[in-house]
Amino acid sequence: MGSKINYQDVINSIYHDICSEENIGHIANYIPELSKVDPNKFGVCIKTVENEELGIGDWQTKFSIQSISKVLSLSLAYKIIGDSIWERVGVEPSGNAFNSLIQLETDNGIPRNPLINAGAMVICDMLISHTENAPKEFLNFVRNICANRKINYSKSIANSEKSVGYRNIALCNFIKSFGNIKNDPKLVLDFYFQMCSIEMTCQELTRTFMFLVNDSFESPDHKRVLEVNQAKRINAIMQTCGFYDESGEFSFKVGLPGKSGVGGGILAIHPNKYSIAVWSPKLNKKGNSSRGMKFLESFTTITKSSIF
Ligand code: GLN
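All figures in this text were calculated on a predicted structure; none of them were measured in a lab. (Residues numbered from 1 in each chain as written. Predicted model: local features only at pLDDT ≥ 70, side-chain atom pairs only at ≥ 80, totals over all residues. Heavy atoms only, no water.)

Visitor: Can you tell me about the pairing of strand E7 (residues 274-279), naming the residues and giving the values?
Guide: Extensive coverage of E7 is indicated by the burial of six of its six residues. Neither face of E7 is exposed, since Tyr274, Ile276 and Val278 on one face and Ser275, Ala277 and Trp279 on the opposite face are all buried. Two strands pair when backbone bridges link them, and strand E1 (residues 43-48) and E7 are joined in this way by six bridges, in the antiparallel orientation. Bridging from a neighbouring strand, Gly43 pairs with Trp279 of E7. With six bridges joining them, strand E6 (residues 265-270) and E7 adopt antiparallel strand pairing. Of the residues in E7, the one forming a bridge with Ala268 is Ile276. (Buried < 20%, exposed > 50% of the residue type's maximum accessible area, 1.4 Å probe, protein only. Helix = DSSP H or I, 4+ residues; strand = E, 2+ residues; numbered from the N terminus. Pairing = 2+ DSSP bridges.)

In structure tokens:
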């Protein structure tokens, strides 16, 4: 496409346009601790394979990444266990809300995909079975690929979610009744709530996810994170399942593999080009960041960089 795109100019201009519009949607208040977040926070960061790293707004402020962490736990399980993970979790979009119980009954406790709550819990259960200390190893994995030892769980957010986690508790016990959770559901839920409570900035998110952008990415200890073929599959699952019952809409409007979280973050990948993170806490009806969706739609339109 001719001359090099000035990403800083592009993100600045979209950011300011969106700031001049009404900030619509609702902050996730079913997790009491998340309802305390300032709804006007808004940050963006892009990191390219050429190592350009550009941001605007609150791009260096930490927030709760929530379900974005499900891509990371899936990646760790895939790395440790390999293809047998697909015997216990599917790869089909659910077309339902992230915390839905509905399909589990007819699907005999096999979650549709690893990016809905049910699927992420089964992945957490696998990690507990295959590691000495799953919360510790998961955190180490994330710190290592981001090259940042300061990344951490938020105890207050994990406890806050646990205190009202009735639906997730039901989900985990329901899957256990089909035999697809092997460990004590209490252990699995504690790890799940911890995993969702990880806090990162937009800048840290873009750095962390470079292993899905760049085929030759190595972590600081010079190890491959995933095989090329595995990274391809994780991107495919993000493309088809990353936004729950709005995954088709995200593909249609933005056209990148991505993942959202109820903390208001969205992370998207352009394989071999860039990773981009947007954070704005107000969510639309499907539980995805309203401004985040809008920002990314404009971004891939202006830069002509949808994968399609
Ligand atoms: N921890 C949240 C939950 O289980 C994650 C949901 C999300 O980010 N979509 O409800």
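On we go from here.
Visitor: Got a sec to walk through helix H12 (residues 290-302)? Specific residues and values, please.
Guide: Side chains three or four residues apart in an α-helix point the same way, a direct result of the helix having 3.6 residues per turn. Its 13 residues give H12 an end-to-end C-alpha distance of 19 Å, which sits within 8% of 18 Å, the value for a rise of 1.5 Å per residue. Among all positions in H12, only Ser290, Arg291, Gly292, Met293, Phe295, Leu296, Phe299 and Thr300 are buried. Structurally, H12 contributes buried residues whose contacts are with helix H1 (7-19), E1, helix H11 (247-253), E6 and E7. The distance from a side-chain oxygen at the start of H12 to the backbone nitrogen of Gly292 is 3.0 Å, and the residue carrying that oxygen is Ser289. Directly beyond the C-terminal end of H12, a positive phi value near 50 degrees is found at Lys304. (Expected span 1.5 Å × (residues − 1). Contact = heavy atoms within 4.5 Å. Polar contact = N/O pair within 3.5 Å; in protein donor to acceptor, adjacent residues only side chain to side chain.)

Visitor: Before we move on, could you go through the packing of helix H6 (residues 155-163) against helix H8 (residues 185-196) and cite the residues and values that matter?
Guide: Remark: H6 packs on H8, axes separated minimally by 8 Å, with the N-to-C direction vectors making an angle of 130 degrees. One finds that H6 runs oblique with respect to H8. Considering only the axes of H6 and H8, their crossing is right-handed. Facing Ala158, Glu161 and Lys162 of H6, the residues of H8 in contact are Asp190, Phe193, Gln194 and Cys196. Tallied by class, residues from the contact of H6 with H8 come to three nonpolar, one polar and three charged. (Axes fitted to C-alpha atoms, helices over the stretch in contact; angles between N-to-C directions. Parallel < 35°, antiparallel > 145°, perpendicular 65-115°, else oblique. Left-handed = near helix turned anticlockwise from the far one by under 90°. Nonpolar A, V, L, I, M, F, W, Y, C, P; charged D, E, K, R; others polar.)

Visitor: Help me get a handle on the packing of aromatic side chains, residues and values and all.
Guide: Given two aromatic rings, one states the distance between the centres and the angle between the planes to describe the pair. Overall, the coordinates contain 14 aromatic pairs when judged by the stated rule. Taking 6.1 Å as the distance between ring centres and 75 degrees as the angle between the ring planes, the aromatic pair formed by Phe138 and Phe191 counts as edge-to-face. Taken together, the residues span a long stretch of sequence, with Phe138 in helix H5 (residues 134-146) and Phe191 in helix H8 at a distance of 53 residues. Comparing Phe138 with Phe191 shows no difference in burial state: the two are buried. These aromatic residues form a ring-pair network of at least three members: Tyr7, Tyr274, Phe295 and Phe299. (Phe/Tyr/Trp six-rings, centres within 6.5 Å; stacked < 30°, edge-to-face > 60°.)

Visitor: Could you give an account of the site of the ligand, naming the residues involved and the relevant values?
Guide: Every residue close to the ligand is listed here: Tyr30, Gln66, Ser67, Phe98, Asn117, Glu161, Asn168, Tyr192, Cys196, Tyr244, Gly261 and Val262. With respect to the ligand, the side chain of Asn168 contributes an N or O atom lying 2.9 Å from an oxygen atom. Tyr244 places a polar side-chain atom, nitrogen or oxygen, 2.9 Å from a nitrogen atom of the ligand. Burial of the ligand by the protein amounts to 99% of the accessible area it has alone, namely 300 Å². Of the residues in the shell around the ligand, the class split is six nonpolar, five polar and one charged. (Near = heavy atom within 4 Å. Areas by Shrake-Rupley, 256 points an atom, 1.4 Å probe, with all protein chains shown as cover.)

Visitor: Requested: an account of the sheet that holds strand E5 (residues 258-260), with residues and values cited.
Guide: Here we have five strands laid out as an open sheet, ordered E2-E1-E7-E6-E5, and antiparallel in their pairing. Two strands close off the open sheet at either side, each with one partner strand: strand E2 (53-57) and E5. Neighbour to neighbour, the strand axes of the sheet diverge by 10 degrees on average, direction disregarded. Here H1 sits on the sheet in contact with E1, E2 and E7, set at roughly 20 degrees to E2.

Visitor: Break down the pattern of salt bridges for me, citing the residues and quoting the values.
Guide: Evaluated as defined, the whole model comprises twelve salt bridges. Across the pair Asp58 and Lys41 runs a salt bridge whose closest N-O atoms are separated by 4.0 Å. Of this pair, Asp58 sits in the loop between E2 and strand E3 (63-64) while Lys41 is found in the loop between H1 and E1, placing the two residues 17 residues apart along the sequence. Lys62 serves as the salt-bridge partner of Glu204, at 2.8 Å between the closest nitrogen and oxygen. (Salt bridge = Lys/Arg side-chain N within 4 Å of Asp/Glu carboxyl O.)

Visitor: Kindly report on the pairing of E1, identifying the contributing residues and their values.
Guide: Most of E1 sits inside the fold, with six of its six residues counted as buried. Because side chains alternate across E1, one face comprises the buried residues Gly43, Cys45 and Lys47, and the other comprises Val44, Ile46 and Thr48, equally buried. Where E1 hands over to E2, the hairpin turn is made up of four residues, of which Asn51 adopts a positive phi near 75 degrees.

That is the geometry; function is a separate question.
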